[in-house]
Amino acid sequence: MMSNGQHSARLINATTPEIQETKLKVLDEETYEKTEPVRALNGTGLSLRMDDDHCVMVIIFPRGKQAGGAVDPKQEIEDPLDMAERIFKIYENPDSYTAHETCKRIQENETVSADEYHADVRELLIKTLEKSGVNCVQFPSLDGDEDFLKLDVPADSPTLKFMAEKLRYKMAFKAEVYEPIPACGPFKGAEPMRNDDDKVVVAFDEYTVAKDHMFEDFDFVDRARILEFWLDQWVSLDEMLRQGIISAYFPCPKAEDMEKVHEDVGSLLSFYKLPNHTHEQILRDYFGEEITFFFRFMAFLTRSLVTLAFIGVAYYIGKKTHLIKSEDLGYARSGIALVTSIWASVLFQRFKLTTARVKQYWGCSDYEEHEQVRPDWDYHKQNSSFMTILVNVFTIVYVCLYVGAISVILAWGRNAVEEGKSASTASLVLTIVIKAGSFIWGKLAPKLTDLENHRTEDSYASKLIVLLSSVKLFVALWPFIMQCFLTNITNIVCASTLDKALEVVWKGRPVTAEMSKVMQDHFSFANDEVKGGVCVTGCYPIYSQDIFAYSQTNCDDAASTSVRTYFIFQIVSEVVFIIIGIVLTKLAVRSEMQKASDRDGGKPYSLLQCHAK
């Protein structure tokens, strides 16, 4: 989730109404089932136990292997105190520096079993939550291999208000606050101003308990943010995840929000509709701002592509019906390229402007102002310029190797086509190489970014975005750039005479005088290195007795086939992986339900357990 304010490090020892300490509530399976209702959830096809009430965040602990979990009780943990320090020592909060030393079983330089280590860390986490005033309810999963910990901070609780003030969390003012304010300039007074979307825009300010009556009530997104930011000051859940102490953590899903997303956005019956921005608030309530901005961009891009689609259809019809003459096709393509460039510039500027209004309305900024220190950050090391140079050099080497591989593939593809083999095979191999290059870089980029020892999550994400986006864009575009623009000058065929050059180009096939004249006038030039020599350009007409100045060239054919194959492959692979994800989730849910059924005669799955899959 995105932050909207800068936060203090020393939190609990601050002067504000004290947090009322809570106690963990542990429910056995039978007691838990009696407290939660069961009903069908639209969009899942399942009857689920609705356990999303009084819940802001969920943390899942794996049990030992003897209970079907992932924790190996025979595993020995070396340097447990150092590992616990990585979880509980938050360098921005000096009050957390000695928390890990209070563990009962973990001692310095002593080896402990995985069971003992997990138990100590879990106890310290729960103790931290209790001291923070967070309501905690623990219950077992349906098949007994995990423990679920529900965290809740009620919207009207003094605990939440205390946390918000200490974190200097920004909240929206109520519209009533504007009533006594007189008009001034464009401000009409007595009520908030409206933006170009005709939405009321109120100011945001750091929350204080003294001004509680002036701020809007905390909604679920606010509660989840505040709890997450508060925990960031005392424990690294990401490090616990990396060490396997927890298997997942996430904001609690709300059944009504899931049903709204399914009915208004995710229904298969709406696949033919162009996306719009009317459901952004629903998406924000369920996913948070970061993912919602992604959906917003995709909706904006999809609707904007309609303009290009009409242009493309008009070009296709004009070409097939010969309304656009062969000699004018080059001009038409250049015109489309120019329109596309202008369209792209206008698209991103318009998106930037409209998104700025949404950011203002939601009271969020581009980047997280709340600094989340990375669990992998080594405070003993500095982010040296040497490692940055090393990463950049490795990136350049990878790009060069990829360029070499693509050059070999394209050369092989041209030879295969000239020998009469299918161009589809060459384009499919090229597509696989593009996807492989992108996949491999997706695995390498995070490891390279780790080498730079970034201190905050924001710094790490920024560098990772640059590495991923720049290289992946290059990987996707370079083969087509070579085919469309570079082949003409990099694959020139030269010989002492035109006839000998054409013999090489067309593999010794017969050449008429008319064909020779067309090639001489439009697709060849003098070879200055050999007296009387001639060179044929890298892009030349596909062999035919009827070639003319504007015939389709080998470059046109190769680029068209490659682009068509790439996009078909992309669409099919995306759909397949989406279906695989859905199927695997359903199988995982049904597998756990079956295990529970075999053990207890069949009990309904819960919403939180379904969401965890």
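Residues numbered from 1 in each chain as written. Predicted model: local features only at pLDDT ≥ 70, side-chain atom pairs only at ≥ 80, totals over all residues. Heavy atoms only, no water.

(A) Spatial organisation of helix α7 (residues 255–266). Spanning 12 residues, α7 covers only 14 Å between terminal C-alpha atoms, well under the ideal 16 Å at 1.5 Å per step. All of the buried residues in α7 are A255, D257, M258, E259 and V261. Where α7 is buried, its residues contact β2 (38–41), α8 (280–287) and α17 (607–612). (Helix = DSSP H or I, 4+ residues; strand = E, 2+ residues; numbered from the N terminus. Expected span 1.5 Å × (residues − 1). Buried < 20%, exposed > 50% of the residue type's maximum accessible area, 1.4 Å probe, protein only. Contact = heavy atoms within 4.5 Å.)

(B) Representation of the pairing of strand β16 (residues 533–536). A two-sided burial pattern is seen for β16, the buried positions comprising G533 and C535 on one face and V534 and V536 on the other. Relative to β16, strand β15 (residues 524–527) runs antiparallel, the two sharing four bridges. Counterpart to S524 in the pairing with β16 is V536. (Pairing = 2+ DSSP bridges.)

(C) Layout of the packing of aromatic side chains. By the definition in use, this model includes 16 aromatic pairs. A centroid spacing of 5.3 Å and a plane angle of 15° characterise the contact between F474 and W478, whose relative ring orientation is stacked. On the criterion of helical spacing, the pair formed by F474 and W478 is a turn pair, its members being four residues apart in helix α13 (residues 457–490). Ring plane angle 70° and centroid distance 5.8 Å describe the contact between F480 and Y566, whose orientation is recorded as edge-to-face. Of this pair, F480 sits in helix α13 while Y566 sits in helix α16 (residues 554–600), placing them 86 residues apart in sequence. (Phe/Tyr/Trp six-rings, centres within 6.5 Å; stacked < 30°, edge-to-face > 60°.)

(D) Local environment of the side chain of H118. For H118, the location among the structural elements is in helix α3 (residues 114–131). Among the residues examined, H118 registers a relative accessible area of 11% and is labelled buried. The residues contacting H118, other than those within four sequence positions of it, are V71, G244 and I245.

(E) Layout of the sheet that holds strand β14 (residues 493–495). Taken in spatial order, the three strands line up as β14-β16-β15 in an open sheet, and their pairing is antiparallel. Edge positions in the sheet fall to β14 and β15, since each has one partner strand and no second. Taken pair by pair, the neighbouring strands of this sheet meet at an average axis angle of 25°, ignoring direction. Where β14 lies against β16, three bridges are found, and the strand directions are antiparallel. Looking at β16, one finds that A495 is bridged to V534. Along the sheet, helix α14 (residues 498–505) contacts β14, β15 and β16; its crossing angle with β16, the most-contacted strand, is approximately 30°. (Axes fitted to C-alpha atoms, helices over the stretch in contact; angles between N-to-C directions.)

(F) Seen up close, the nonpolar core. Among the nonpolar cores identified, the biggest contains 59 residues, and Y117, L151 and M240 are the most heavily contacted of them. Those residues in contact with Y117 that lie beyond four places of it in its chain are I77, P80, M83, A84, I87, I106, V112, Q243 and I245. V391, I409, A445 and Y566 belong to the second largest nonpolar core, which has 22 residues in total. (Core = buried A, V, L, I, M, F, W, Y, C linked by side-chain atoms within 4.5 Å.)

(G) Broad picture of the sheet that holds strand β13 (residues 248–251). The mixed open sheet is built from five strands, whose spatial order is β1-β7-β8-β4-β13. Among the strands making up the open sheet, the edge pair consists of β1 (25–26) and β13. Relative to strand β8 (residues 146–152), strand β7 (residues 135–140) is paired through six bridges, and the arrangement is antiparallel. Each residue of the ladder has a partner; that of Q138, found in β8, is L149.

(H) Spatial organisation of a nonpolar patch on the surface. On the surface, I568, I571, V572, V575, V576, F577, I579, I580, V583, L584 and L587 cluster together into a nonpolar patch covering about 1,000 Å² of accessible area. With respect to the helices and strands, L587 occurs in helix α16. (Patch = residues over 30% accessible without salt bridge, like charges linked within 9 Å, V, L, I, M, F, W, Y side chains within 5 Å. Areas by Shrake-Rupley, 256 points an atom, 1.4 Å probe, with all protein chains shown as cover. Salt bridge = Lys/Arg side-chain N within 4 Å of Asp/Glu carboxyl O.)

(I) Structural view of the environment of P94. For P94, the location among the structural elements is in the loop between α2 (80–88) and β6 (112–113). Note: C-alpha distance between P94 and Q233 (139 residues apart in sequence) is 9.6 Å.

(J) Structural context of the pattern of salt bridges. Per the counting criterion, the structure on display carries 15 salt bridges. E280 is paired through a salt bridge with R296; the nearest N and O atoms lie 2.6 Å apart. Here E280, found in helix α8, pairs with R296, found in helix α9 (residues 289–320); they are 16 residues apart in sequence, far enough to count as distant. Across the pair E289 and R284 runs a salt bridge, and its minimum N-O distance is 3.1 Å. By relative accessible area, which is 7% here, R284 ends up buried.

(K) Spatial organisation of the side chain of T431. With respect to the secondary-structure elements, T431 resides in helix α12 (residues 423–451). Beyond its immediate chain neighbours, meaning those up to four positions away, T431 contacts S562, T565, Y566 and F569.

(L) A look at the state of the cysteines. Summed over the entire model, instances satisfying the criterion amount to three disulfides. Between C55 and C252 runs a disulfide, and the two sulfur atoms are separated by 1.6 Å. Pair noted here: C55 is in the loop between β3 (46–49) and β4 (57–62) and C252 is in the loop between β13 and α7, with a separation of 197 residues, a long-range link. For the residue pair C55 and C252, the accessibility class agrees, reading buried in each case. In this model, C494 is linked to C535 through a disulfide, with the two sulfur atoms separated by 1.8 Å. Judged by the sign of its S-S torsion, about 105°, the cystine formed by C494 and C535 is right-handed. Here C494, found in strand β14, pairs with C535, found in strand β16; they are 41 residues apart in sequence, far enough to count as distant. (Disulfide = S-S within 2.5 Å.)

(M) Region of interest: unusual backbone geometry. Even without being a glycine, H54 presents a positive backbone phi close to 50°. Of note in the backbone geometry, N453 takes a positive phi value of approximately 55° without being a glycine. On the accessibility criterion, N453 (10% relative accessible area) is buried.

(N) Geometry of a negative patch on the surface. A grouping of D156, E176, E179, E216 and D217 is seen on the molecular surface, where their side chains present a negatively charged patch. Secondary-structure assignment places D156 in the loop between β8 and α4 (158–166). (Lys, Arg positive; Asp, Glu negative; His and termini not counted. Charge placed at Lys NZ, Arg CZ, Asp CG, Glu CD.)

(O) Focus on the packing of α8 against α9. One way to put it is that α8 packs onto α9 with a least axis distance of 7 Å and a crossing angle of 145°. At the point where α8 passes α9, the crossing takes the right-handed sense. Note on element contacts: α9 touches α8 through E289, I291, T292, F295 and R296, opposite E280, L283, R284 and F287. Per-class residue counts for the contact of α8 with α9 are four nonpolar, one polar and four charged. (Left-handed = near helix turned anticlockwise from the far one by under 90°. Nonpolar A, V, L, I, M, F, W, Y, C, P; charged D, E, K, R; others polar.)

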